[in-house]
Every structure is written in C-alpha cells, then in structure tokens.
Amino acid sequence: MSTITAPRRAICGQGQLLIGKSNEADEEHLRAIEVLKEYNLLDLHTLIFGLEHEWATKADLIEYAEQALRLSREEIDPDLLALAYAESCTPTEVPILARRLPEKREVQTQTELDRASDAWRFAHLTALLHAPETDDEKVQTLQELFSSFGYPADMTSCSIYSNDSIAPLKAAEDLAASLAAKHNFRTEQAPSAGRMSGED
C-alpha cells in the first residue's frame, strides 16, 4: 500500500482509472486531475500540459479560470475572463487561449515544463496506487502510463520487462514518493478538494 496519503476522492467505486484521455461523462472514476486538486498542485502550466495530453478537459480549464477570478485581487485579466467563458471554444482553441496567460507574464521555462510533467506523473501514480482494481489490473494500467509519458528512464522499473528485482507497483510507489520529494509536493495530508472545486 502506498505511503502517500490517499486523496479524499480515491474511494471512487468500481471501474478502471481514467489514466488515458479524460472522460467528462464518467464521474464515478478518480481522474488524475482530481489528485492534482487535492494536493493543490494544479497551476496554469500544469493544466495546459494536461490539456495538450488530453488528461484535462475544457470544463477543467473553465473551473480553474472561474476560481482564479474569484481569488483575484487585481484588475481582471481579459484573457482569464475569456477562459471562464470558453464553452464556445473548440478543444483545439482552448489550449491556445490558455497559453496566453503565462506568455503575458513570463516565458515558460524547461523547469516549469518538467515540473508540470512530474506533477501529472505523481497524480497518475497516486490515483493508480489507491485504485480499487486488482494488482494485475494496476500493473497493466501502469504499463500504459509508462508508454504515455514516453518511457522515461526513472520509470523503467515500473515495466514488466524490467530486469530489476523490485515489483512494478513497488517501483511506482517509490517513484511517486521520489517525485513528491523532488518538487516538495506536500503529501502528508491531502487538502480538501473543495479549495479548488468550490465544494463544501
């Protein structure tokens, strides 16, 4: 069992995790983006990265923009306002619109891109480790996750074809903890999802 505290939404009923493309209609399954919200890891760079890989949806972006507008104490950014009303945008237009904000403030660095990628890996791994599936099902999903991130070297031990002595799920648990330590993700206690979603 993972040493990282389970997100509040990890107990989500039966069925497979949405490790691949996001499915707005399937609300009973834990999505990686919900883990990002639980641990307060969802910033605009991370959200755009998720949109480009189809792990986040237009609805997630609108929710993020609405929350940012509620918390903003500065003059309302017209691009942020446009994001909050992005229902009419096509899936292709949404990431383009979202990119305007970080470009206006600062150039997105490779460090920020790496952190966004690692945040999503941490989220996917955390969701996987706390899923209600069998270990065999988790291992199968882990292989898909390994592929979707382009077979990164630090995930090699997660592969069923690895010559390492460590079991794939234990390797996934260790990697999640390593990513959390690398970026100072706070994993001792997941904060309330309501902070991002507006729930009580």
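Just so you know, these numbers come straight off a predicted model, no measurement behind them.

A few points about the overall build of the chain
Then comes step 1: For the chain, the helix and strand inventory stands at 9 helices and 0 strands.
Then comes step 2: The order of helices and strands in the chain, counted from the N terminus, is α-α-α-α-α-α-α-α-α.
Then comes step 3: Every one of the 200 residues in the chain was classed for burial, and the buried ones make up 50%.
Then comes step 4: Pairs at least 24 residues apart make up 66% of the contacts formed inside the chain by residues separated by at least 6 positions.
Then comes step 5: Summing over all exposed atoms, the chain offers an accessible surface of approximately 10900 Å²; the carbon and sulfur share of this is 49%.

Let's talk about the nonpolar core
Then comes step 1: If you look at the biggest cluster of nonpolar residues, it comprises 41 residues, and the most contacted ones within it are Leu36, Leu47, Trp120, Phe122, Leu125 and Leu142.
Then comes step 2: At the level of elements, α1 (32-38), α2 (44-52), α3 (58-71), α6 (110-129), α7 (135-148) and α8 (168-182) are the ones that each hand at least two residues to this core.
Then comes step 3: It is α6 that provides the largest number of residues to this core, a total of 9 residues.

Some remarks on unusual backbone geometry
Then comes step 1: Of note in the backbone geometry, Asn40 takes a positive phi value of approximately 55 degrees without being a glycine.
Then comes step 2: By the secondary structure assignment, Asn40 is in the loop between α1 and α2.
Then comes step 3: On the accessibility criterion, Asn40 (41% relative accessible area) is partly exposed.

Re the packing of α2 against α6
Then comes step 1: Two numbers describe how α2 lies on α6: the axes approach to 9 Å, and their chain directions differ by 65 degrees. In terms of their interaxial angle, α2 and α6 are classed as roughly perpendicular. As for the relative orientation of α2 and α6, their crossing is right-handed in sense. In this structure, α2 contributes His45, Thr46, Phe49 and Gly50 to the contact, and α6 contributes Glu112, Leu113, Ala116, Ser117, Ala119 and Trp120.

Points about the side chain of Ser159
Then comes step 1: Among the secondary structure elements, Ser159 is positioned in the loop between α7 and α8.
Then comes step 2: Among the residues examined, Ser159 registers a relative accessible area of 12% and is labelled buried.
Then comes step 3: Filtering out sequence-adjacent residues up to four positions away, Ser159 remains in contact with Gln143, Phe146 and Pro168.

Rules behind the numbers
Residues numbered from 1 in each chain as written. Predicted model: local features only at pLDDT ≥ 70, side-chain atom pairs only at ≥ 80, totals over all residues. Heavy atoms only, no water. Helix = DSSP H or I, 4+ residues; strand = E, 2+ residues; numbered from the N terminus. Buried < 20%, exposed > 50% of the residue type's maximum accessible area, 1.4 Å probe, protein only. Contact = heavy atoms within 4.5 Å. Areas by Shrake-Rupley, 256 points an atom, 1.4 Å probe, with all protein chains shown as cover. Core = buried A, V, L, I, M, F, W, Y, C linked by side-chain atoms within 4.5 Å. Axes fitted to C-alpha atoms, helices over the stretch in contact; angles between N-to-C directions. Parallel < 35°, antiparallel > 145°, perpendicular 65-115°, else oblique. Left-handed = near helix turned anticlockwise from the far one by under 90°.

Everything listed here is a matter of geometry and, on its own, says nothing about what the molecule does.
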